[in-house]
Amino acid sequence: MMKKKWLSVLSLGLLAVLFVLLVFINNQLLSKYRIDLTEDKVFSLSEGTRNVLTSLDEPVTLYFFYSDSATTGMTKMRNYAARVESLLREYAQASGGKVQLQIVDPVPFSENEDKANQFGLTGAALGNVGEQIYFGLAGTNLLDDQFTIPFFDPKNEQFLEYEISKLIYRLSNPDTLTLALVTDLPVAGGQDPLTGRYTGPMVFYQQLAQLYNIRIVNSTADGLPEDTDVVLLAHPQALSDGLLYAIDQFAMHNGRILAFIDPHYEGNALSSLQQVGANASSFPLLKAWGIKADLTNIVLDAQLAFDLRNENGAIVKHFGILGLTAAQLDRNDVITANLDSVNGASFGALETVKKAGLSMHTLIRSSVNSGLTNADNYAQTLNPVALHRGFGGNTETYTVAARYRGKARSYFSAPKDPAKAATYEGQTDNLNLVLVADSDMLSDRYWVQQTAFFGDTVFTPFANNGDFIVNAIENLTGSDALISIRSRGTYVRPFERVKALETEAEGKYREQEEQLQEELIQTEQKLRELQGQQGQGGTIVFTGQQQEAIDKYIARRVEIRRELREVRYQLDREIDRLGDKLKIVNIALAPAVLTGLLWLLAFIFKRRAGKAYRTETQS
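Now for a quick tour of the structure. Everything numeric in this text was worked out from a predicted model, so none of it was measured.

1. Some thoughts on a nonpolar patch on the surface
Alright, step 1. A surface patch of nonpolar side chains, amounting to about 700 Å² of accessible area, comprises Leu 594, Leu 598, Trp 599, Leu 600, Leu 601, Phe 603 and Ile 604.
Alright, step 2. Its location among the elements puts Ile 604 in helix 14 (residues 544-618).

2. Side note on the layout of surface pockets
Alright, step 1. Counted as a void, the second largest pocket has a volume near 980 Å³.
Alright, step 2. What lines the second largest pocket is a set of 34 residues, and nearest its centre among them are Tyr 162, Glu 163, Lys 166, Arg 170 and Glu 474.
Alright, step 3. Of all the secondary structure elements, the ones that give two or more residues to the lining of the second largest pocket are strand 5 (146-149), helix 5 (160-172) and helix 11 (465-476).
Alright, step 4. Looking at the lining of the second largest pocket, its residues break down into 19 nonpolar, 9 polar and 6 charged.

3. Notes on the packing of helix 2 (residues 47-54) against helix 5
Alright, step 1. Contact geometry of helix 2 with helix 5 gives a least axis separation of 10 Å together with a crossing angle of 15°. Accordingly, the angle class assigned to the pair helix 2 and helix 5 is roughly parallel. Two packed elements cross with a definite hand, and for helix 2 against helix 5 that hand is left-handed. Here Thr 49, Val 52 and Leu 53 of helix 2 lie close against helix 5, whose contacting residues are Glu 161, Ser 165, Ile 168 and Tyr 169.

4. A few points about helix 3 (residues 75-94)
Alright, step 1. With 20 residues, helix 3 extends 29 Å between its outermost C-alpha atoms, agreeing within 8% with the 28 Å of an ideal straight helix rising 1.5 Å per residue.
Alright, step 2. Three or more residues of helix 3 are buried, namely Met 77, Tyr 80, Ala 81, Arg 83, Val 84, Leu 87, Leu 88, Glu 90 and Tyr 91.
Alright, step 3. Elements in contact with the buried residues of helix 3: helix 2, strand 1 (60-66), strand 2 (99-104), strand 4 (132-141) and helix 5.
Alright, step 4. Trailing helix 3 by a residue or two, Gly 96 shows a phi angle of about 70°, which is positive.

5. Observations regarding the sheet that holds strand 14 (residues 305-309)
Alright, step 1. Sheet architecture is open: 3 strands sit in the order 14-15-16, paired in antiparallel fashion. A single partner strand is all that each edge strand has here, and the edge strands are strand 14 and strand 16 (341-345). On average, each strand axis in the sheet is inclined to that of its neighbour by 45°, with strand direction left out of account.

6. Overview of the pattern of salt bridges
Any two side chains of opposite charge can pair, given that their charged atoms come close.
Alright, step 1. Tallied over the entire structure, the rule returns 9 salt bridges.
Alright, step 2. One salt bridge connects Arg 89 with Glu 85, and the closest N-O pair in it is separated by 2.8 Å. Taken together, the positions of Arg 89 and Glu 85, both in helix 3 and 4 residues apart, correspond to about one turn of that helix.
Alright, step 3. Assessed through its relative accessible area of 42%, Arg 89 is described here as partly exposed.
Alright, step 4. Judged by its relative accessible area of 23%, Glu 85 is partly exposed.

7. Some remarks on unusual backbone geometry
When glycine is set aside, most residues are seen to have a negative phi, and most peptide bonds are trans.
Alright, step 1. A positive phi is found at Asp 144, a non-glycine position, where the angle reads about 65°.
Alright, step 2. One can find Asp 144 in the loop between strand 4 and strand 5.
Alright, step 3. We note that Ala 238 has phi near 50°; this positive angle belongs to a residue other than glycine.
Alright, step 4. Considering the arrangement of structural elements, one finds Ala 238 in the loop between strand 10 (230-234) and helix 7 (241-252).
Alright, step 5. Classification of Ala 238 by relative accessible area gives exposed; the value is 64%.

8. Looking at the packing of aromatic side chains
Alright, step 1. If you walk through the whole model with that rule in mind, you get 13 aromatic pairs.
Alright, step 2. For the pair Phe 135 and Phe 151, a centre-to-centre distance of 5.8 Å together with 80° between the ring planes defines the contact as edge-to-face. Here Phe 135, found in strand 4, pairs with Phe 151, found in the loop between strand 5 and helix 5; they are 16 residues apart in sequence, far enough to count as distant.
Alright, step 3. For Phe 135, a relative accessible area of 1% corresponds to the buried category.
Alright, step 4. Here the aromatic residues Phe 64, Tyr 66, Tyr 80, Phe 135, Phe 151 and Phe 152 are joined through ring pairs into a cluster of three or more.

9. With respect to the nonpolar core
Alright, step 1. In terms of nonpolar packing, the biggest core is built from 50 residues, with Phe 204, Leu 208, Leu 232, Phe 260 and Phe 468 touching the most fellow members.
Alright, step 2. Broken down by element, this core gets its largest block of residues, 6 residues, from helix 11.
Alright, step 3. When neighbours within four sequence positions are excluded, Leu 208 is seen to be in contact with Leu 179, Ile 214, Leu 232, Ile 469, Val 470 and Ile 473.
Alright, step 4. By size, the runner-up hydrophobic cluster in this structure holds 36 residues, among which are Leu 224, Leu 233, Leu 239 and Ala 259.

10. Quick notes on the packing of helix 3 against helix 5
Two packed helices can be described by the angle between their axes and the distance between those axes.
Alright, step 1. Where helix 3 contacts helix 5, the two axes come as close as 11 Å, and the packing angle between them is 45°. When the interaxial angle is binned, helix 3 and helix 5 end up oblique. The handedness of the crossing between helix 3 and helix 5 comes out as right-handed. Across the interface between the two elements, Tyr 80, Val 84, Leu 87, Leu 88 and Tyr 91 of helix 3 pack against Leu 160, Glu 161, Ile 164, Ser 165 and Ile 168 of helix 5.
Alright, step 2. Of the residues contributing to the contact of helix 3 with helix 5, the split by class is 8 nonpolar, 1 polar and 1 charged.

Rules of the game
- Residues numbered from 1 in each chain as written.
- Predicted model: local features only at pLDDT ≥ 70, side-chain atom pairs only at ≥ 80, totals over all residues.
- Heavy atoms only, no water.
- Patch = residues over 30% accessible without salt bridge, like charges linked within 9 Å, V, L, I, M, F, W, Y side chains within 5 Å.
- Areas by Shrake-Rupley, 256 points an atom, 1.4 Å probe, with all protein chains shown as cover.
- Salt bridge = Lys/Arg side-chain N within 4 Å of Asp/Glu carboxyl O.
- Helix = DSSP H or I, 4+ residues; strand = E, 2+ residues; numbered from the N terminus.
- 1 Å grid on protein atoms, 1.4 Å probe; cavity = no way out; pocket = protein on both sides within 12 Å on 5 of 7 lines; lining within 4 Å.
- Points joined across faces, edges and corners; volume = space filled by probe spheres on them.
- Nonpolar A, V, L, I, M, F, W, Y, C, P; charged D, E, K, R; others polar.
- Axes fitted to C-alpha atoms, helices over the stretch in contact; angles between N-to-C directions.
- Parallel < 35°, antiparallel > 145°, perpendicular 65-115°, else oblique.
- Left-handed = near helix turned anticlockwise from the far one by under 90°.
- Contact = heavy atoms within 4.5 Å.
- Expected span 1.5 Å × (residues − 1).
- Buried < 20%, exposed > 50% of the residue type's maximum accessible area, 1.4 Å probe, protein only.
- Pairing = 2+ DSSP bridges.
- Phe/Tyr/Trp six-rings, centres within 6.5 Å; stacked < 30°, edge-to-face > 60°.
- Core = buried A, V, L, I, M, F, W, Y, C linked by side-chain atoms within 4.5 Å.

Now the structure itself:
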């Protein structure tokens, strides 16, 4: 008996020694070997990030400022901070010593807090008594250039790796980049040909001028500036052969391009007066690259249409002027993920790519209540109500902005100038293009409001058009490795089954809701037509029959709105029912099943132990 007791003690001692030994081996010898078993590879670096780290020519230092002592009790923030720190350690380890990481806790009134403020980090008042919480990243290189991520927002977790990699890339490439703006539009301001007054620069141009060296290239130019990093095309028309060749070869040499083309640009009032048809862009290179953009038709959208006031003072929906919401923007692409709205007019449609080796990723699309109309007819339509006629029952969506990557062939079979033959490229495997089928979104009137303030003009954005442009160029100015970085998965896994059930429930009511919405639009249009009739002297006179018709349409409008509310109520109730069922499964059924399994296992082991004891007793 004593011998068995000593054997048990010795076994426990050996297990303890073995445990300590294994922990030591794991921490000291195997720490660089990791396996990420998560579906979205949350805890590992993508291939693009590793390429960014490999291309580092000089060491960089990262300072991770996190108020560890001031966030006691903030479980969610502490968990997220631990994930950020773990990822930063991955960067330091994968860089081979080129990334030096320092963890800093900027406690109040300390030198570390002063250092955080010197870097320009944002302190959030989340602690007790308004205590500042720091949770950001600063980076420096050997030339004392510095860039920061002011605060890690958990809402942007899927782009965490991209933001850190972008900071490291900018530290290794700190020079201001050159943007070639190919356009004949008055982006830099000038004299208005209609009024003779001076107009200031477009707001998007002012924003970009603060970030990049902008070189404006007009359509008659023979080429691009030699130091061009990104090409931005704004409503290109009648580009010279030399300029077309330069843009084509820029793309063939893996250059980055952001293009705004348009079936009908409405921002140029003089052009609209000089021509009868649509003021369309012209960019023939797209077809050779395998990209089809329909610039003969314009996307009309009943759901996203802007409300305008007509000459009679009535509110009408303009199906060609669209306010695109977050639901139409890709939430998984860094360009559009954090935008809420983008406004524009007379959008064209981008067709699906069918060329092998070339991929198309939709950034912005119309709603399901969309249709197409001829661009020339649209340009000559003065009354927005005319666009409503025959527009009903549309259930198709159209891509209006997309990202293209992959193989493309040159528009030119050979250079016209033999001296350029040595640098001519007939194709590329890495076309890098963001294409938007609208140029009107560049115009100030669609996204900023101008107000006078003590003699100055203040621009207040009411849409994210400027953010879209800056995000796109910022993304394109990075390296190919940086652009290819995937958006990371989030640590908190979404309930995919719940989303599928909600989508299924919405589908049951969506068609009915769309039919009622269309009927409501037609009813309100009839009302406006009847109520807008005037008699002699400008007074409104209705016959008994007209008044009866008006009363009928008003009653029907009320009924339709009641039916719409009922449809929405039924949809919400269906989703609530699904939620209740899932709560029952999670709260009651799942624990009951687990308890049953544990009871079954305990019963089986108990029977085996009893059987073994009886066998030993009998022997």
